[in-house]
Amino acid sequence: MMDTILVALFLVGGLTACFSGYRLFKKLLRLWGAIVGGVTVALILRFILDPSLSNFTPELAGYLLIGFLAGAIAGALLVMPLYLVVVFLSGAAGGALAGWYGYQLVSNGEVSIAAGALGAVVCGLLAMKLQAPLLIFSTAVAGAYGIVQGGSLLILKQNAGLDQLVMGSGLNTEQLLPYLAAWGAFALVGMIVQYKITAR
């Protein structure tokens, strides 16, 4: 039950970030800080407590929920004094995902931490200079990731595998192609929707 709630929250968060992330960022800065803080702490805990990403138990879900709540509280409290840091991290999140997966697509599944780090730094710095376009890109990419992962777990009852690809598990790129295509499509639509409608 708890894992279903977490997956549903992940999906709703992905939809929200993908299609109106920048508007939320502007209007609800504390909420955005809470989301970034909560998701960051939950992801770190997931990788620490279950490095193989294969044992999603109710006990683990409980720890992740506690971590999410603690990170959300810290993020909400720190977002105003650390505004530029949050802008940088928001841009870096999308850049890291794009760099990590982009490198794997052109290198037949090889993992490069440097590619993810480079994408994060470049997009983070650009987000500080060009806040609107880069934050639209970042929130659309990160939100689309949440839609595909959360939707696959909730609706199809199977892991899309994107999180395992992040950890370099050596999954076949062909197996992931439909999910990667869906991720790219949602990200593109999210960017268009945000640019044309919700970012105003």
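Residues numbered from 1 in each chain as written. Predicted model: local features only at pLDDT ≥ 70, side-chain atom pairs only at ≥ 80, totals over all residues. Heavy atoms only, no water.

Engineer: Even after reading the chapter, I still don't get the overall build of the protein, so can you show me in this structure?
Structural biologist: Secondary structure summary: the protein contains eight helices and zero strands in total. If you list the helices and strands of the protein from N to C, you get α-α-α-α-α-α-α-α. With 200 residues in all, the protein has 41% of them scored as buried. In the protein, the proportion of contacts linking residues at least 24 apart, taken out of those at least 6 apart, comes to 72%. Accessible area of the protein: about 10400 Å², with a carbon and sulfur share of 74%. (Helix = DSSP H or I, 4+ residues; strand = E, 2+ residues; numbered from the N terminus. Buried < 20%, exposed > 50% of the residue type's maximum accessible area, 1.4 Å probe, protein only. Contact = heavy atoms within 4.5 Å. Areas by Shrake-Rupley, 256 points an atom, 1.4 Å probe, with all protein chains shown as cover.)

Engineer: How do you make sense of the packing of aromatic side chains when you look at a structure like this?
Structural biologist: Remark: the centre distance and the inter-plane angle together describe each pair of aromatic rings, the angle taken between the planes. Tallying each qualifying case throughout the model produces one aromatic pair. Note on Tyr145 and Trp183: the rings are 5.7 Å apart at their centroids and 65° apart in plane angle, and the pair reads as edge-to-face. Residue Tyr145 is found in helix H6 (residues 131-156), and its partner Trp183 is found in helix H8 (residues 173-198); the two are separated by 38 residues along the sequence. Among the residues examined, Tyr145 registers a relative accessible area of 12% and is labelled buried. Taking relative accessible area as the criterion, Trp183 reaches 7% and is therefore assigned buried. (Phe/Tyr/Trp six-rings, centres within 6.5 Å; stacked < 30°, edge-to-face > 60°.)

Engineer: Got a minute to help me understand the environment of Leu118 in this structure?
Structural biologist: As for its position among the elements, Leu118 is in helix H5 (residues 113-129). The exposure class of Leu118 is exposed, given its relative accessible area of 55%. Each C-alpha atom of the pair Leu118 and Ala96 lies 7.3 Å from the other, and the pair is 22 residues apart in sequence.

Engineer: Whenever I open this one, the nonpolar core confuses me. Can you help?
Structural biologist: The nonpolar side chains of a soluble globular protein tend to be buried, and buried together. Core analysis: the largest hydrophobic core is formed by 15 residues, its most contacted members being Leu97, Tyr101, Val141, Ala144, Tyr145 and Trp183. Elements represented by at least two residues in this core include exactly helix H1 (2-27), helix H4 (83-106), H6 and H8. (Core = buried A, V, L, I, M, F, W, Y, C linked by side-chain atoms within 4.5 Å.)

Engineer: Would you explain a nonpolar patch on the surface in this entry?
Structural biologist: A surface patch of nonpolar side chains, amounting to about 550 Å² of accessible area, comprises Ile73, Leu77, Leu78, Leu82, Val85 and Leu89. When contributions to the nonpolar patch are tallied by element, the ones reaching two or more residues are helix H3 (58-78) and H4. If one sorts the elements of the nonpolar patch by residue count, H3 sits on top with three residues. Tracing the backbone through its elements, the reader meets Leu77 in helix H3. Taking relative accessible area as the criterion, Leu77 reaches 60% and is therefore assigned exposed. (Patch = residues over 30% accessible without salt bridge, like charges linked within 9 Å, V, L, I, M, F, W, Y side chains within 5 Å. Salt bridge = Lys/Arg side-chain N within 4 Å of Asp/Glu carboxyl O.)

Engineer: I tried to follow H4 on my own but got confused; where do I start?
Structural biologist: In an α-helix, one full turn covers 3.6 residues, which means residues spaced three or four apart are oriented alike. Taking 1.5 Å per residue as the helical rise, H4 with its 24 residues ought to reach 34 Å, and the 35 Å between its terminal C-alpha atoms agrees with that figure. Turning to H4, its buried residues number three or more, namely Val86, Val87, Ser90, Gly91, Ala92, Gly94, Gly95, Leu97, Gly99, Trp100, Tyr101 and Gln104. (Expected span 1.5 Å × (residues − 1).)

Engineer: Even after reading the chapter, I still don't get the packing of helix H2 (residues 29-49) against H3, so can you show me in this structure?
Structural biologist: Packed helix pairs are characterised by how far apart their axes lie and by the angle those axes make with each other. Running from N to C, H2 and H3 cross one another at 145°; their axes reach a closest spacing of 6 Å. Relative to H3, the crossing made by H2 is right-handed. Taking contact as the criterion, the partners of Arg30, Gly33, Ala34, Ile35, Gly37, Gly38, Val39, Val41, Ala42, Leu45, Arg46 and Leu49 in H2 are, on H3, Leu60, Tyr63, Leu64, Gly67, Phe68, Gly71, Ala72, Gly75, Ala76 and Leu77. Residue composition of the contact of H2 with H3, by class: 14 nonpolar, six polar and two charged. (Axes fitted to C-alpha atoms, helices over the stretch in contact; angles between N-to-C directions. Left-handed = near helix turned anticlockwise from the far one by under 90°. Nonpolar A, V, L, I, M, F, W, Y, C, P; charged D, E, K, R; others polar.)

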